[in-house]
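# Fold and geometry: a report
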Amino acid sequence: MTRRQPRSRRQRWITRAAIGVAVVLVGGTAALAAVGLDWSGETDKTARDRVPATTPVTRQTLVETKSESGELGYDAPVTVSARAAGTVTSMAGVGTVIQRGQALFRIDDKPVIVLIGTLPAYRALSSGIEGADVKQFETNLAALGYDGFTVDEEYTGSTASAVREWQEDLGIDETGVVDLGRVVFAAAPLRVETQSASVGAAVQASTAVLSCTGTARVATVELNIGDARLAPVGAAVEVTLPNGKKSAGKVIAAETVVDDSEGGGGDSETTLEVTVSIDDQTALATLDRAAVTVAFTASKRENVLTIPVAALLALAEGGYGVEIVEGASSRVMAVETGLFAGGRVEVSGDGLTEGMTVGVPS
């Protein structure tokens, strides 16, 4: 076995000195690159080692959102009352959807029929009557399959004949006259929410019998009055459901609510009750009542240059910059920041253009 001869003290000092010089040179290269100066010996591999990741500057629309908790429910609540005195002999069950031409409840065993329209029934209809309510009723009569009359604003003998056929099918007296209280007009089919009366109860005209809603499910959100700018009617929103699914929606109503629960003895609280439609009703499955999250648009910047927030560099002189990577070299460019949203930030600066490559520090 060959023994290695021990090195002299001078040899050991020269070796340590050489290593020290190498360290200084490597450190100097990194320092020069950090301030954007080229180092002639730097290769693409060296640049990649120095900048762990890069990303392009993109042009896009940034949207900042504010999320609030809401409650899922049904839209268009309405109370349906009796229009004539009598005894409630039957009524639709809670959760039942009543379509055009179907009975909502019965008074003295005579049905109260749901028809579609926005003008409330306010008088009996008979031959010789004219008006928008006549046309609304005739439109429904035709939609139910009855004919032999012209849909217009005149209640003629032909209309009365069709009404008698309808009354026969309903099993009520065939008078050709539509008594007040025989029909209830609603903007869409009704869903029974609660029963206000009970079968066998004696009711008077105007006694509440059922509380109903529309069939579409909506979200209701309570906002601070100072956030009213988030919820103009028609504003687009995103609704997150309990199962994690998301659906687009929009604000369909916003109502100021004053809570004076102290009975005048204390400060009242004013809030904004916002109703939001949900586009994808199928995503709700069988949900009737549930907590949801509604994201409102707080700020929006269109067609701006953006980068990931992580690509921003804090400059020693103040403000922010980005590291522009160009092949094997890089330089720091000062930028102005705008809107921060979704992990990205709006940036602008002299010479900054779409498609430039910026470094993303690890």
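Heads up: the structure comes first, above all this text.
Since the structure is predicted, the reported quantities are computational estimates derived from the model, not experimental observations.

Glancing now at the layout of surface pockets. As a volume, the largest pocket reaches approximately 580 Å³. Forming the boundary of the largest pocket are 32 residues, of which Val80, Ser81, Val183, Val184 and Phe185 lie nearest the centre. The set of elements that each furnish at least two residues to the lining of the largest pocket consists of strand S3 (78-81), strand S6 (103-107), strand S7 (110-116) and strand S8 (183-186). For the lining of the largest pocket, the per-class residue count stands at 21 nonpolar, six polar and five charged. If you add up the space inside the second largest pocket, you get close to 170 Å³. Around the second largest pocket sit Glu71, Leu72, Gly73, Tyr74, Asp75, Pro77, Val218, Thr220 and Arg289, which together line it. Every element with two or more residues in the lining of the second largest pocket is listed here: strand S2 (58-74) and strand S12 (217-224). Ranked by residues supplied to the lining of the second largest pocket, first place goes to S2 with four residues.

All told, the structure shown has one aromatic pair when counted by the stated rule. Taking 5.7 Å as the distance between ring centres and 65° as the angle between the ring planes, the aromatic pair formed by Phe137 and Trp166 counts as edge-to-face. One end of the pair, Phe137, is in helix H3 (residues 132-143); the other, Trp166, is in helix H4 (residues 157-170), with 29 residues separating them in the sequence. Each member of the pair Phe137 and Trp166 is classed as buried.

Topologically, Thr240 is positioned in strand S13 (residues 236-240). Beyond its immediate stretch of four places on either side in the chain, Thr240 contacts Lys245, Lys246, Val292 and Thr293. A polar side-chain atom of Thr240 sits 3.1 Å from a polar atom in the side chain of Lys246.

With that out of the way, let us pick up the sheet that holds strand S5 (residues 97-98). As summarised here, the arrangement of the four strands in space is S3-S11-S9-S5, forming an open sheet in which the pairing is antiparallel. One side of each edge strand has no neighbouring strand; the edge strands of this open sheet are S3 and S5. In terms of strand pairing, strand S9 (residues 190-195) meets strand S11 (residues 208-213) through four bridges, oriented antiparallel. When the sheet's bridge partners are listed, Thr194 is paired in S11 with Ser211.

Conventions adopted
- Residues numbered from 1 in each chain as written.
- Predicted model: local features only at pLDDT ≥ 70, side-chain atom pairs only at ≥ 80, totals over all residues.
- Heavy atoms only, no water.
- 1 Å grid on protein atoms, 1.4 Å probe; cavity = no way out; pocket = protein on both sides within 12 Å on 5 of 7 lines; lining within 4 Å.
- Points joined across faces, edges and corners; volume = space filled by probe spheres on them.
- Helix = DSSP H or I, 4+ residues; strand = E, 2+ residues; numbered from the N terminus.
- Nonpolar A, V, L, I, M, F, W, Y, C, P; charged D, E, K, R; others polar.
- Phe/Tyr/Trp six-rings, centres within 6.5 Å; stacked < 30°, edge-to-face > 60°.
- Buried < 20%, exposed > 50% of the residue type's maximum accessible area, 1.4 Å probe, protein only.
- Contact = heavy atoms within 4.5 Å.
- Polar contact = N/O pair within 3.5 Å; in protein donor to acceptor, adjacent residues only side chain to side chain.
- Pairing = 2+ DSSP bridges.

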